[in-house]
Amino acid sequence: MYYNSILTPTVIRTGNNIIKDLDNILESAHLHYPRKILVTQENLHQIYRDTMGGFLDEVKIVKGGDLAEANELLTQFTNDDNVLLLAFGGGSVLDVVKYVGTLNLPYISIPSALSNDAIYSSVARLTSAKGKKRSFNVQPPLGVILDISVIQKSPRNLILAGVGDLITNLSAVKDWEYAHNTMGEPVNELSCMLAKQAAMSIWGYYEEELYSYDFLYDLGHGLITSGLSMTVAGHTRASSGSEHMISHAIDEFFPEKATLHGFQVAWAFITIERLLRKDKIFLARLTRYFDRIGLTEALERNIPWTDEDFYELIPYALKVRKRYTILNSVQL
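Computed from a predicted structure; not experimentally measured.

### A few points about helix α4 (residues 91–100)
Burial analysis of α4 places 9 of its 10 residues in the buried class, the great majority of the element. Buried within α4 are the following residues: Gly-91, Val-93, Leu-94, Asp-95, Val-96, Val-97, Lys-98, Tyr-99 and Val-100. On its buried face, α4 sits against β2 (35–40), α3 (67–74), β4 (83–89), β5 (107–111), β6 (123–127) and β7 (133–137).

### Considerations on the sheet that holds strand β1 (residues 11–15)
Pairing in this open sheet of 6 strands is parallel, and the strands run β1-β8-β5-β4-β2-β3 from one edge to the other. Each of the sheet's edge strands pairs with one partner strand only, and the pair in question is β1 and β3 (58–61). Here the strands of the sheet are splayed against their neighbours by 15° on average, with no regard to which way each runs. Across 5 bridges, the pairing between β4 and β5 is parallel. Bridge pairing links Ala-87 to Ser-109 in β5.

### What to know about the pattern of salt bridges
Between side chains of opposite charge, a pair can form as their charged atoms come close. Inspection of every chain in the model, using the stated rule, returns 12 salt bridges. Where Glu-58 meets Lys-60, a salt bridge forms, and the shortest distance between an N and an O atom there is 2.8 Å. Residue Glu-297 is joined to Arg-301 by a salt bridge in which the shortest nitrogen-to-oxygen separation is 4.0 Å. One end of the pair, Glu-297, and the other, Arg-301, are both in helix α13 (residues 295–302), 4 residues apart, so they sit about a helical turn from each other. Look at Glu-297 and you get partly exposed, because its relative accessible area is 42%. Look at Arg-301 and you get partly exposed, because its relative accessible area is 45%.

### Some remarks on the environment of Phe-253
Position of Phe-253 relative to the elements: it lies in helix α10 (residues 242–253). Spatially, the C-alpha atom of Phe-253 lies 8.4 Å from that of Lys-132, the residues being 121 residues apart in sequence. Contacts of Phe-253, omitting those with residues within four sequence positions, involve Lys-132, Tyr-316, Lys-319 and Val-320.

Conventions and cut-offs
Residues numbered from 1 in each chain as written. Predicted model: local features only at pLDDT ≥ 70, side-chain atom pairs only at ≥ 80, totals over all residues. Heavy atoms only, no water. Buried < 20%, exposed > 50% of the residue type's maximum accessible area, 1.4 Å probe, protein only. Helix = DSSP H or I, 4+ residues; strand = E, 2+ residues; numbered from the N terminus. Contact = heavy atoms within 4.5 Å. Pairing = 2+ DSSP bridges. Axes fitted to C-alpha atoms, helices over the stretch in contact; angles between N-to-C directions. Salt bridge = Lys/Arg side-chain N within 4 Å of Asp/Glu carboxyl O.

Any functional reading would require information that these geometric values do not contain.
Set out below in structure tokens:
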């Protein structure tokens, strides 16, 4: 009998005010390390340093999201270090620690916001010295600690960006199936199943529930499941399709017009549905969802792109990633 072996989280813990019990959570998960180092941003450290207790051996303050900073932090460790890194912050902090974790250093993800699937994924996005964002393949975290009381303090835009990033799994899976039907590209159905279920876990909510415990619980778990879909496949196909290619093209070639990743992929998703896929029934359902969850208004306020701009972005999108999607059907 043959089975696939995949990495899964050692611990996932969700609740209110649980970062104060972080040491006990790690102990109960049998994560015994001589050194536990917190990596976070200055503002978060100032707010939570007393709450997180005195079990930490060291705290390293980062700005996050910068490749040079990540490389500097990387030089402070070796493969022989018996250390557990605790990444506490938004996606930019988590990506720095994920990059450092490529040195085979274990780490735990403790998100302060749920703006994208960085909380549990095998990809880190960092900005180079030239201001360009680059993607790096990394190991996913040993576990994820979701303190809902912390996440409830994050800005509304970050929560909506997380919604945008997660719901676009539906677009990525469509693109993978399109590549399979058109080009014969193999599809991992388990990966697709996890990605779609992750997206659908937040389908029934309304804007008024964005800060509710139940919604943030499902959003957080959905983002983790989305990350797991990548681990199962060994790549990002089920959670990153044409909509992500458009977003990466904006980041790469038009950084002065870039905004939150979740907003960009959400705008690309609904634009692709309207202009390229043209499934009127699904588009109507998606539009109603965007309206009731608050994404429509958020995109109107944060996205400067038009339909004409979308078509002009396609050649750039095809440059940033060689991935067969619905964008390849457009006659340029």
